[in-house]
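Chains, contacts and geometry: an overview
Here are the chains, one letter per residue:
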Amino acid sequence: MAAIHAGWYLAAYDNEVSEGVAPLELGGRRLMTVREADRVRVFDADCPHRGAHLGYGGTIDGDCVECPFHGRRIALGDKNKRYAVAEHRAHLLSGMLFVRLRSDHDADLGFEATILRYAKERTFVPMVNAHLPTSTRMIMENGFDSEHFTALHRMPGFSRFTAAASETGEIAVTAKFGSKTAGEFYLRAFSPTLVVTELRSPERTQVIITGTVPEDGGCVMRIGFAVPPEDEALIPEWKRMTHIGFEQDRLVWDHIDESAPPDLSKADSLIQEFWEFCEKFPTIDGGRR
Ligand code: FES
Ligand SMILES: [Fe+2]
């Protein structure tokens, strides 16, 4: 089986996770969510007895899930039990479910602390949820592609991107945008499929979260904002702008030939850095990349 990475994913939106037991697919890895009100836990979904998918028809029974096939009780996360499924790290933070698959690698890169800090002051607001015939890498490199912000999105006054220091191993870039009262663009990739961007102006800091999950023939892309209470009135306008930007990108992604050999120049150095970050990122077995 191909490898999937050991870092964080934006795995679903709140409204995609139903109460009780439900399947969750993450790059070919068979998982299930167990939800009780606002608490969601994520586990492997294969019944250790004969491989039934516990997410389809499993029912909660105390700290176990009862398998729909032969009715055996499968312990949730308790490795000392004969029949048990592994638990993965997960946070449902208002609108978004973040998941990191259990592995020997410490591929957190400071994401958990970052996202929990936002969650104290902000609500996560989903804006885009789309299936695309495009690789996760093609989509995620978007944030490192300074040229396309002016050419495709017509954003004026975007300075050249520069690599920013990172304390926890994530890959980060900064740029200036706008005219006199320059704002700051600060983007960090915490895994090959999860990017957090801050657009800082004197008035406010917009926080945009972009995530992809690989699936057969492409990926699912999700974009949302982390919004503080004082900016809630701006959500409809931000949604509108986000959809315009997304459709501009999508027109390119839907028709690009990803197998065409790239002919990069010096201006593309940050894209190359992002590719190298992805190549070196720890992987685990069990799905598509
Ligand atoms: S496959 Fe689950 S109990 Fe048999
Ligand atoms: Fe874009």
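Per an unreviewed UniProt entry, the chain carries the name cholesterol 7-desaturase and comes from Rugosimonospora acidiphila. Entered under Cofactor (unreviewed entry) in the UniProt record, the comment concerning the chain runs "Fe cation".

All right, on to the domain arrangement of the chain then. Domain boundaries in the chain define domain 1 (3-100) and domain 2 (111-285). Here domain 1 and domain 2 have C-alpha centroids that lie 28 Å from each other. Taken residue by residue, the interface counts 18 residues in domain 1 and 24 residues in domain 2. When contributions to the side of domain 1 that touches domain 2 are tallied by element, the ones reaching two or more residues are β1 (3-5), β2 (8-13), β10 (87-93) and β11 (96-100). The leading source of residues in the side of domain 1 that touches domain 2 is β2, at five residues. A per-class count over the side of domain 1 that touches domain 2 returns twelve nonpolar, six polar and no charged.

Reading across from one edge, β2-β11-β10-β5-β4-β3 is the order of the six strands in this open sheet, with antiparallel pairing throughout. What marks the edges here is a single partner per strand, and that holds for β2 and β3 (20-26). Averaged over neighbouring strand pairs, the angle between their axes works out to 30° when direction is ignored.

Each strand in a sheet pairs with another by means of backbone hydrogen bonds, the pair being arranged parallel or else antiparallel. Overall, antiparallel pairing links the seven strands, which are arranged β12-β18-β17-β16-β15-β14-β13 in an open sheet. Either end of the sheet is taken by a strand with one partner, and the two such strands are β12 (123-132) and β13 (162-164). Within this sheet the neighbouring strands show an average axis-to-axis angle of 20°, counted without direction. With three bridges connecting them, β13 and strand β14 (residues 171-177) associate as antiparallel partners. The residue of β14 that forms the bridge with Ala163 is Val173. Set on the sheet, helix α4 (residues 235-253) makes contact with β12 and β18 (218-227); between it and β12 the angle comes to about 25°.

The next subject is the pairing of strand β8 (residues 73-76). Because side chains alternate across β8, one face comprises the buried residues Ile74 and Leu76, and the other comprises Arg73 and Ala75, none of which is buried. As judged from the three bridges shared by strand β7 (residues 64-66) and β8, these two strands associate in the antiparallel manner. Within β8, the position partnered with Cys64 by the bridge is Ala75. Count of turn residues in the β7/β8 antiparallel hairpin: six residues, of which Gly71 carries a positive phi of about 75°. By the bridge criterion, two bridges tie β8 to strand β9 (residues 84-85) in an arrangement that is parallel. Across the sheet, residue Ala75 finds its bridge partner in β9, namely Ala84.

Moving on: the UniProt feature "domain: Rieske" (unreviewed entry) in the chain. If you check UniProt for "domain: Rieske" (unreviewed entry), the listed places come out as residues 8-99 in our numbering. Between the end C-alpha atoms of residues 8-99 the distance is 6 Å, and the span holds 0% helix and 54% strand.

In this structure, Tyr9, Ala11, Leu54, Leu97, Phe98 and Val99 are the most contacted members of the largest nonpolar core, which totals 65 residues. At seven residues, the largest contribution of residues to this core is made by β18. In this structure, this core is formed jointly by two domains, domain 1 (3-100) and domain 2 (111-285), each of which donates at least three residues. In this view, Phe98 contacts Trp8, Tyr9, Leu10, Ala11, Ala90, His91, Leu93 and Ile115; residues no more than four positions away in its chain are not counted.

Calculation notes
Residues numbered from 1 in each chain as written. Chains lettered and ligands numbered in written order. Predicted model: local features only at pLDDT ≥ 70, side-chain atom pairs only at ≥ 80, totals over all residues. UniProt positions renumbered as here; feature names shortened; annotations may be inferred. Domains from an automatic or database assignment. Contact = placed C-beta atoms within 7 Å. Helix = DSSP H or I, 4+ residues; strand = E, 2+ residues; numbered from the N terminus. Nonpolar A, V, L, I, M, F, W, Y, C, P; charged D, E, K, R; others polar. Pairing = 2+ DSSP bridges. Axes fitted to C-alpha atoms, helices over the stretch in contact; angles between N-to-C directions. Buried ≥ 20, exposed ≤ 12 C-beta atoms within 10 Å, placed from the backbone. Core = buried A, V, L, I, M, F, W, Y, C linked by C-beta atoms within 7 Å.

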